[in-house]
Amino acid sequence: MKSVKKIFWAVWRVWFYVVMLIPILIMLPFLVASILTERGYPYFFKMSRIWAKCVLFGMGFYYKIEKVQKLDHKKSYMFVANHTSMSDIMLMLAAVDNPFVFVGKMSLAKIPLFGFFYKRTSILVDRSCSKSRMEVFNEAQKRIDRGLSICIFPEGGVPHDETIFLDHFKDGAFRLAVEHHLPIVPLVFPDNKKRLSYTFYSGSPGLMRVKILPLVETVSDKGEPLDRKEVKEHVRNLIYNELMAFKKLDESSNK
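Residues numbered from 1 in each chain as written. Predicted model: local features only at pLDDT ≥ 70, side-chain atom pairs only at ≥ 80, totals over all residues. Heavy atoms only, no water.

Focus on helix H1 (residues 2-34)
Rule in force here: Helix numbering and strand numbering both begin at the N terminus, where a helix is a DSSP run of H or I of at least 4 residues and a strand a DSSP run of E of at least 2. One less than the number of residues in a helix, times 1.5 Å, gives the span that helix is expected to have. Here the term buried applies to any residue with accessible area under 20% of the maximum for its type, exposed to any over 50%, and partly exposed to those in between, with areas from a 1.4 Å probe on protein chains only. By the convention used here, residues are in contact when the closest approach between their heavy atoms is within 4.5 Å.
The end-to-end C-alpha distance of H1, which contains 33 residues, comes to 46 Å, matching closely the 48 Å that a straight helix rising 1.5 Å per residue would cover. Along H1, the residues that are buried comprise Trp9, Trp12, Arg13, Phe16, Val19, Met20, Pro23, Ile24, Met27, Leu31 and Ser34. Turning to H1, the residues buried within the fold contact helix H2 (41-58), strand E1 (61-67), helix H3 (87-95), helix H4 (114-121) and helix H7 (192-196).

Shown next as structure tokens:
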């Protein structure tokens, strides 16, 4: 029985990369055309959302989104979420319809074909280089000036230790949000680690829940920037408490 499960997991994991590439190949001419100019990005974003939904459904995932607050499509936001899986990128795209750009690590640009578009549409950062981290702020301002939002996973990557419930948050997302006066929208992904963790022989098709929490302001009523560290801890606590609530709900339903 264990050997059968391992075969299923191996095939399923390989299929993940296949199903990532198929929609890109189908939409390739339109994707390329949409990244030729800055004005084409909203069209690229729409196709990215189609791609993300194809990948999720192709893997046997279905998602349920709970929105506590409606967002204004004319405003820019900082979207943040807990990070436990490669599928977080797809689920973020499926859950959020406000056009945004990812700020992410350079290593994802190495993925065939996906990396080609990721490199040209996202803000890449080399966390080991202070100059690269500073350039992120300039690139983010350009996107905000075009009416776009920003998305960062503040844990800085998926923790190597999968027993970590929620890792410490890095400053980058909150520094950007405070300095650019962006309201922060926290999202909670309680199921992604169970569905598709970085452990090869694990995971399964099924439900992926999303909860979009109320936005967190980064400026006071007087228009003064709030303390970055306090904002960071507040957002982390919001996400942590929601993850705990989902965990307790799941434990009670399994009894």
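A few points about the pairing of strand E3 (residues 100-105)
We count it as follows: At least two DSSP bridges between two strands are required for those strands to pair. If you view a crossover with the strands going away from you and the path from the first strand over the helix to the second runs clockwise, you call it right-handed.
A large share of E3 lies buried, amounting to five of its six residues. As paired strands, E3 and strand E5 (residues 149-152) are joined by three bridges and run parallel to one another. Residue pairing in the sheet places Phe102 in a bridge with Cys151 of E5. Sheet topology note: the E3/strand E4 (residues 123-125) ladder contains three bridges and is parallel. Residue pairing across strands places Val103 opposite Ile123, the latter belonging to E4. With H4 bridging E3 and the parallel E4, this β-α-β connection has right-handed handedness.

Focus on the packing of helix H6 (residues 172-179) against helix H8 (residues 228-253)
Keep this limit in mind: To define axes, lines are fitted to C-alpha atoms, for helices over the stretch in contact only, and angles between the resulting N-to-C directions are given on a 0 to 180 degree scale. Each angle gets one of four labels, with under 35 degrees taken as roughly parallel, over 145 as roughly antiparallel, 65 to 115 as roughly perpendicular, and the rest as oblique. Note: crossing handedness is left-handed where the near helix turns anticlockwise from the far helix by less than a right angle, and right-handed where it turns clockwise. Residues are grouped as follows: Ala, Val, Leu, Ile, Met, Phe, Trp, Tyr, Cys and Pro are nonpolar; Asp, Glu, Lys and Arg are charged; all remaining types, including Gly, are polar.
Closest axis-to-axis distance for the H6/H8 pair is 9 Å, and the angle between their directions is 120 degrees. Here H6 lies oblique to H8, going by the angle between them. Crossing handedness for the pair H6 and H8: right-handed. For the pair H6 and H8, contact is made by Phe174, Arg175 and Val178 and by Arg228, Val231, Lys232 and Val235, respectively. Among the residues forming the contact of H6 with H8, the class breakdown is four nonpolar, no polar and three charged.

Focus on unusual backbone geometry
The phi angle at His181 is positive, at roughly 55 degrees, despite the residue not being glycine. Take His181: it is sitting in the loop between H6 and strand E6 (184-188).

Looking at H4
Here is the rule we go by: Directions are taken from the helix axis to each C-beta atom, and the arc is the one they span.
Restricting attention to buried positions, one finds in H4 the residues Phe114, Gly115, Phe117, Tyr118 and Thr121. Taken end-on, H4 shows its buried residues confined to a sector of 165 degrees, consistent with a single buried face.

Section: the packing of aromatic side chains
Short version of the rule: Within 6.5 Å between ring centres, the rings of Phe, Tyr and Trp (the latter by its six-membered ring) count as paired, and their orientation is classed by plane angle as stacked under 30 degrees, edge-to-face over 60, tilted in between. To sit over a ring, a charge needs its Lys NZ or Arg CZ within 6 Å of the ring centre and within 35 degrees of the ring normal.
Counting across every chain of the model gives 18 aromatic pairs. Ring geometry for Trp12 against Phe61: centres 5.8 Å apart, planes inclined by 80 degrees, an arrangement best described as edge-to-face. Here Phe61 lies in strand E1 and Trp12 lies in helix H1, a separation of 49 residues in the sequence. Across the pair, Phe61 and Trp12 agree in class, each one buried. An aromatic cluster is defined as three or more aromatic residues linked by ring pairs; in this entry it consists of Tyr41, Phe44, Phe45, Tyr77, Phe79, Phe100, Phe102, Phe116, Phe117 and Phe153. The ring of Tyr201 is capped by Lys6, whose NZ or CZ atom sits 5.4 Å from the centre of that ring.

With respect to the pairing of E6
Of all the five residues making up E6, five are buried; the element is thus mostly covered by neighbouring parts of the structure. Judged by which residues are buried, E6 turns out to be covered on both faces: Ile184, Pro186 and Val188 on one side and Val185 and Leu187 on the other are all buried. Taken together, the four bridges between strand E2 (residues 78-81) and E6 define a ladder with parallel strand orientation. Paired with Phe79 across the bridge in E6 is Val185.

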